[in-house]
Each structure stands twice: as C-alpha cells, then as structure tokens.
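Listed below are the residues making up each chain.
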Amino acid sequence: MMALSALIAAAFAATLTAQQAAPAYRPPRLPNGHPDLQGIWQVRNTANWNLQAHGGSYKTPAGLGVVVDPPEGLIPYRPEALAIKEKNWASRETADPLEKCYLAGVPRTMYLPYPLQILQTETEVAILSEYVHTWRWIPLTPLARYPGYESWMGDPRGRWDGDTLVIETVGHNDQTWFDHAGNFHSDALKVTERLRRTAADVITYEATMEDAKVFTRPWTIRMPLYLHRDMDRILENECYIYAEEAGKPIRGEHPK
Amino acid sequence: MIRTSLFAALTVAATAALVAQEPIPQPRTSGGCPVESRAFHDCATAKARTFKPTRTRDGHPDFQGYWRSRNNGIAYDVESGPGSFAVPPTLGEIIEPADKKIPYQPWALARRNELRTKGFEDPQGHCAPSGAPRKNNTLFGWRIIQPRGYVVFLYESMHDYRIIPTDGRQHLPKSIKMWHGDPVGRWEGDTLVVDYTNLNGKHWFDMSGNFQSENIHVVERYTMFTPDTIHFVATIEDATMYTRPWTLNFSLERNKEPGYYQLEYACHEGERDLQHFTDDTGRGESKTFREK
C-alpha cells in the first residue's frame, strides 16, 4: 500500500517536472512585440449547442462542456433566472436567436460552427465571422464608452496583459443566447475574454461572464480555437437571405 | 370656370411635385474637385498624379480611418436621370459611356425598365448584402484598417465587411457564387486595385432596378488625391448583359466629425416591415431571389 502511494506520488512528481521542463511556446509577434494572433480559427466542440456537459439528442452532438468555473461546470443562475432558462430550453427549436439568423452576440460568435478570421494592426484587432458576415472591431487604444450603447455584438475594448489579449465587452442587448440550450443573459452582461496563442495552431480562449441580474457569481468558459491550415480565406453565410431564397422568409412580429 | 380652377389646381399640384423632385442639395466640390462625375474624374486624376500620401509601415498609402461616400445621396440611380416615383433626379455616377447610361443589351434594358417599377424587389431592401460596387454607394460610413497584407472595410450598413487580400492570389473556383463576391486586391503604385469575381448576380447597382448577372466582373480602383479624399472608380464588365464595359466614379471622404462613434446597424434583426411588400401579405410580390 505504501509502495503504491509512493509510486503514484513519484509518477505525479515526474509529470509535474515534465510539464515544467517543456519550453514555453513563443508566439509569432507584430513589429511592436505583441503576439500575432492572425489567421483563420474555429473551435472543434459543441459549445454552440450547450456550454454545459450534455449527452447527444436530436440534431445536437454530445459534449463534455466548457464551463471551467464553477468547477462543477454548471452556470450559476439565480433561481428566477433558472426558470427562464428552462423555458428557453423547452422552446429552443424556434426561440434560439440563431434559428432566426440573428447576430450571435458575444461570446457565442467565437464558438459557432463557422470559421472566423482574426486580423490585427498595432492598435486594433478585428474578428471577422463567416456567420452572417459580421465583424468585431476591438480598439487597443483608449476610446471612451458611448453612453447607452446597446447592440447585438457589444462594445468591446482590448488591451494586452503580457502575451494575453484581454477584451472587455459591455453594451449588449438582452436578445442573444450563449448557446442553443437557452442559456441567456440580461443587458447588464459584461464579458471579459482572454486570448492567448499557446501553440502554433492553438489559441486558448477564455470568457468570464458577469451579470448580477441573472447569475449569483461570475463564471468562466475555456476552450481551444484551432488554426485552419487548409483555408486562405473565409467565405460567407448570409443566413437570412438563404431563408428567403428557400421560400421560408423570416419575419418579425408586427404590432397589431 | 370649373375647368380653369381644375387646371389651376393641377398646375399647383404639378409645381408641388416638381418642387418635391428637386435634387437633394449637393456640395459642389469634394477634395477641391467638382462632383459632376466626368469633371470629378478628370480633376481627381490630375490631382492624384502629384499627391504624396502618408504611408503604412509596409510602404502603401495609409487609408486607415473612417470614410463615407460623397455621391448623389444614397445612389438612387447610377445613371443620370430626371427621377421617378421615390427616385429623385440625379447627376449620375457614370463616366463611360459618355451619355451616362448603362450600355444594356436590348433584353437587359427591357428587364431593367420592368424592375424599375418594382422597388420592393431591391435586394438591399431585404437586408441582402450589397456587393460590389454598391457597398460603397451608401449613406453610412465605414472604417478601413490595413493589417499587413490586407485592406479591410468594416461597414456600418448591415454590419458587414470586406476582407481584401493584397497578394494578388487566384480567384475561387467559378462554382462558388457569393453575395459579397471574391475580392482580390493588389497595389498598382499608390492605387489599390480590387478585382471582384464570384458575385452571385442577384444585386442591383442602385434603387432604380439596374441589375447584374452572375457573370459580372468588377474592378474597383482607390486612389487618394488629398489627405482626406479617395477617388473611387469601378469598371463593370459582363458580355452577357452589356454591349461594352462601363465605368462609374465618385469621391470617398474622410469622416472627421468630432466625437463620431460607429454604431451597430443590424438590418435583419428586429425587421418589422418587409412583410408589407412581399408575397406573404398578398399585397405585393417579391420573386427576385427565387427566380434565379
């Protein structure tokens, strides 16, 4: 028994040593010394369907979940908000904003099953998604917030924390969901994203959500974005026009 | 007596209609050049010959910042014309041919004249992306950024973008047709040249039914001729529709409005009016997308 514990301890120590010994990845850099995150990236997970761990179901692939904090992997809803989430879940086949081809918002745009292209200058980062051909423009220089800004894609500000790009986004509306499972937020949402190139083909992507109207505490998701080596440009997905072309136009509710 | 009154009333009505169709007031110059399309082209071309732009780190003209087009309002009609219902008279944007008319083949002219009466079929009114060159023919502005090897336009209108690689790469296979097309750029001296293929042919050039086919080839040229103005020229070729290539041009001006903040224009989201002019109400019909 003692021998077994010792063996496990030794193996554990060896693993730690191996991790410490591995040389840290050195990302390519822009002329001003900050990491170069440019390329065409995409997740390889099921976060778009459900951020929490879930089994497979009709049109939904199974997934291990991407919520890393709280450690149990569950989004910390207030009780009254959890009831809304359950209602969203029940009506997700029609109520998910993506079923209407709406802008996916932040952070969902980052883990859609569509590629996105990151382009940079020394003073800004652009994230351009193939889904509904939308963009995020992230200034790295001081820019005052516009009072009362409310939008589908939020109002982001970026900065470098060492080799990590940190993006803080407020100014969200309350219309977007985090996933197809009905996980939602209010217009008080603040999202803090952290992007760090941890290997030539990997950006480790993290997003922390704060919204005191809906959640009891901040919570965080984490996942890798993978570099596409087989694409030199992103294409387009004009979802709402495709619906019209298919004879199934998406119409808003008109006030009676 | 009655007839006189009626005549007078009609005259008043006609005068009112004429007043209503006065051209939108236009600035007479842009970048020190007259805005009439031919005179503008000659003037901007001459100025660009001696103008020295500031440059990005990789040596190309620095287009970065906010821009907007100084065209005829919001491009009701790229041709010059007297105006019609909901279309004010315009000076037009065309410089070739000299008559400022699109050189349509007869069948295409007939089709255009039919579409001209069906403004509700304008794809842009359905929140469809505007393609090339119409995307620049907008009331709303855009930001240009220049990451190394690219020029990127981030448009306010529809919240969409153009990513223009400037490495002169090959176009996509013909089988891919897109609303935004496949822009491939290159620098010719200080002019950014953008070659567009793979457009899906569903666009209009304006609100007046001037239309395209999927065989369209567009070449756009961007040349700065003052620190705050770009000469924008687009040449359109399509042997299946036009009898010869044709060219339009207008000015792009730097948006220097103090405190300007680019907001989000999400077109399709929250849309409430399209049902009033498409066939799910029975009060109109819109077949443009489905016919093709």
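The residue numbers shown here count from 1 along each chain, following its written sequence. Chain A is the first chain written and ligand 1 is the first ligand written, with later ones labelled in order. In view of the model being predicted, local features appear only for residues whose pLDDT reaches at least 70, and side-chain atom pairs are presented and counted only at 80 or more, with totals across whole chains, interfaces and linings using the full set of residues. Computation of side-chain values: all heavy atoms of the structure, hydrogens and water removed.

**Some words on the overall build of chain A**
- Secondary structure elements follow DSSP: runs of H or I of four or more residues count as helices, runs of E of two or more count as strands, with numbering from the N terminus. Along chain A, the regular secondary structure elements total 4 helices and 10 strands.
- Mapped in sequence order, the helices and strands of chain A form the string α-β-β-α-α-β-β-β-β-β-β-β-β-α.
- Taking all 256 residues of chain A together, 52% fall into the buried category.
- Note on definitions: a residue-residue contact is assigned when non-hydrogen atoms from the two residues lie within 4.5 Å. Of all intrachain contacts in chain A linking residues separated by at least 6 positions in sequence, the fraction that spans at least 24 positions is 55%. Type-normalised accessible area, obtained with a 1.4 Å probe on protein chains alone, sets the label of each residue: buried when under 20%, exposed when over 50%, and partly exposed for intermediate values.

**Thoughts on the interface of chain B and chain A**
- Taken residue by residue, the interface counts 49 residues in chain B and 48 residues in chain A.
- Buried area: the accessible area, evaluated with a 1.4 Å probe, that two parts lose upon being put together, summed over both parts. Roughly 4100 Å² of surface becomes buried between chain B and chain A when both sides are summed, with 59% attributable to carbon and sulfur atoms.
- Among the residues of chain B in contact with chain A, Tyr161(B), Tyr261(B) and His268(B) are the three that bury the most area, contributing 18% of the side total.
- Any carboxyl oxygen of Asp or Glu within 4 Å of a side-chain nitrogen of Lys or Arg constitutes a salt bridge here. One can count 4 salt bridges joining chain B with chain A.
- With a shortest N-O distance of 3.7 Å, Asp232(A) and Arg169(B) are connected by a salt bridge.

**With respect to the environment of Thr198(A)**
Residue and element names in this part refer to chain A.
- Looking at the secondary structure, you find Thr198 in strand β8 (residues 190-199).
- C-alpha separation for the pair Thr198 and Ala126, spaced 72 residues apart in sequence, amounts to 20 Å.
- Leave out the neighbours within four places in its chain, and Thr198 touches Tyr25 and Thr204.

**Thoughts on the state of the cysteines**
All names here are of chain B.
- The definition used for a disulfide is geometric: two cysteine sulfur atoms within 2.5 Å. Counting across every chain of the model gives 3 disulfides over all chains.
- Between Cys33 and Cys43 runs a disulfide, and the two sulfur atoms are separated by 2.0 Å. With the S-S dihedral at roughly -75 degrees, the linkage between Cys33 and Cys43 falls on the left-handed side. Here Cys43 lies in helix α2 (residues 37-50) and Cys33 lies in strand β2 (residues 33-34), a separation of 10 residues in the sequence.

**Regarding the confidence of the model for chain B**
Residue and element names in this part refer to chain B.
- For every residue, the predictor reports its confidence as pLDDT, a number between 0 and 100. Summing up the model confidence of chain B, the mean pLDDT is 85 and the portion of residues at 70 or higher is 81%.
- The model gives residues 1-20 a pLDDT under 50, and that stretch makes 0 contacts with residues more than four places away or in other chains.
- Interface predicted TM-score (ipTM) for the complex: 0.89; the corresponding pTM is 0.88.

**Here's the deal with the nonpolar core**
Residues and elements named next belong to chain A.
- Core analysis: the largest hydrophobic core is formed by 39 residues, its most contacted members being Leu51, Ile118, Leu195, Trp219 and Ile221.
- Among the secondary structure elements, those contributing two or more residues to this core are β3 (116-120), β4 (124-129), β7 (164-170), β8, β9 (202-210) and β10 (219-227).
- Ranked by residue count, the leading element in this core is β10, at 5 residues.
- Contact partners of Ile221, with chain neighbours within four places excluded, come to Leu51, Val66, Val67, Val68, Pro107, Tyr111, Tyr205, Glu206, Ala207 and Met209. Put simply, a nonpolar core is a bunch of buried Ala, Val, Leu, Ile, Met, Phe, Trp, Tyr and Cys residues held in one set by side-chain atoms that sit within 4.5 Å of each other.

**Some words on helix α3 (residues 106-115) of chain B**
- Among the residues making up α3(B), those that are buried are Ala108(B), Arg112(B) and Leu115(B). Here the buried residues of α3(B) occupy an arc of 65 degrees about the axis, which is enough to place them on one side. Here the arc refers to the set of directions running from the helix axis out to each C-beta atom.

**Comments concerning the pairing of strand β10 (residues 217-226) of chain B**
All names here are of chain B.
- In terms of burial, β10 is largely enclosed, as 8 of its 10 residues are buried.
- Strands qualify as paired when DSSP identifies two bridges or more between them. Note that strand β9 (residues 191-197) and β10 share 6 bridges and pair antiparallel. Paired with Val194 across the bridge in β10 is Glu220.
- Bridging between β10 and strand β11 (residues 229-237) involves 9 bridges; their strand directions are antiparallel. Its bridge partner being in β11, Val219 is matched across the sheet by Thr235.
- As consecutive antiparallel partners, β10 and β11 are separated by 2 residues.

**Description of α2(B)**
All names here are of chain B.
- Helices are assigned an expected span. That span is 1.5 Å times one less than the residue count. If you check α2, its first and last C-alpha atoms are 21 Å apart, about what 14 residues at 1.5 Å a residue would give, namely 20 Å.
- Along α2, the residues that are buried comprise Ser37, Phe40, His41, Cys43, Ala44 and Ala48.
- Among the structural elements, β1 (29-30), β2, β4 (94-96), β10, β11 and β12 (246-254) are those in contact with the buried residues of α2.

**Concerning the environment of Leu154(B)**
- Counting through the fold element by element, Leu154(B) comes out in strand β6 (residues 150-155).
- Note: C-alpha distance between Leu154(B) and Asn255(B) (101 residues apart in sequence) is 14 Å.

**Overview of the pattern of salt bridges**
- This structure, assessed with the given rule, holds 37 salt bridges over all chains.
- The residue Asp42(B) makes a salt bridge to Arg38(B) at a minimum N-O spacing of 3.1 Å. Of this pair, Asp42(B) and Arg38(B) both sit in helix α2, 4 residues apart, roughly one helical turn.
- Ionic contacts of the salt-bridge type, sharing partners, join the residues Asp232(A), Arg233(A), Asp167(B), Arg169(B) and Asp182(B) into one network.

**Considering the packing of aromatic side chains**
- Aromatic contacts are taken between Phe, Tyr and Trp rings whose centres are within 6.5 Å, Trp giving its six-membered ring; a plane angle under 30 degrees counts as stacked, one over 60 as edge-to-face, and the others as tilted. Considering all chains together, one arrives at 24 aromatic pairs over all chains under this definition.
- Between Tyr242(B) and Trp246(B) the ring centres are 5.7 Å apart and the planes differ by 85 degrees, which places this aromatic pair in the edge-to-face class.
- Since its relative accessible area comes to 3%, Tyr242(B) is described here as buried.
- Taking relative accessible area as the criterion, Trp246(B) reaches 0% and is therefore assigned buried.
- Ring pairs connect the aromatic residues Tyr104(B), Trp107(B), Phe205(B), Phe211(B), Tyr242(B) and Trp246(B), which therefore count as one cluster.
- The aromatic ring of Tyr226(A) is capped on one face by Arg44(A), whose charged end is 3.9 Å from the ring centroid.
- A ring is scored as having a charge over it whenever the NZ atom of a lysine or the CZ atom of an arginine sits within 6 Å of its centre and within 35 degrees of its normal. When the ring centre of Tyr155(B) is taken as origin, the NZ or CZ atom of Lys135(B), which lies over that ring, is 4.9 Å away.

**Overview of the environment of Trp142(B)**
Residue and element names in this part refer to chain B.
- Within the secondary structure, Trp142 sits in strand β5 (residues 142-145).
- Along the primary structure Trp142 and His159 are separated by 17 residues, whereas in three dimensions their C-alpha atoms are 9.4 Å apart.
- When neighbours within four sequence positions are excluded, Trp142 is seen to be in contact with Gly65, Tyr66, Trp67, Arg68, Ser69, Asn136, Phe153, Leu154, Tyr155, Glu156, Leu252 and Gln262.

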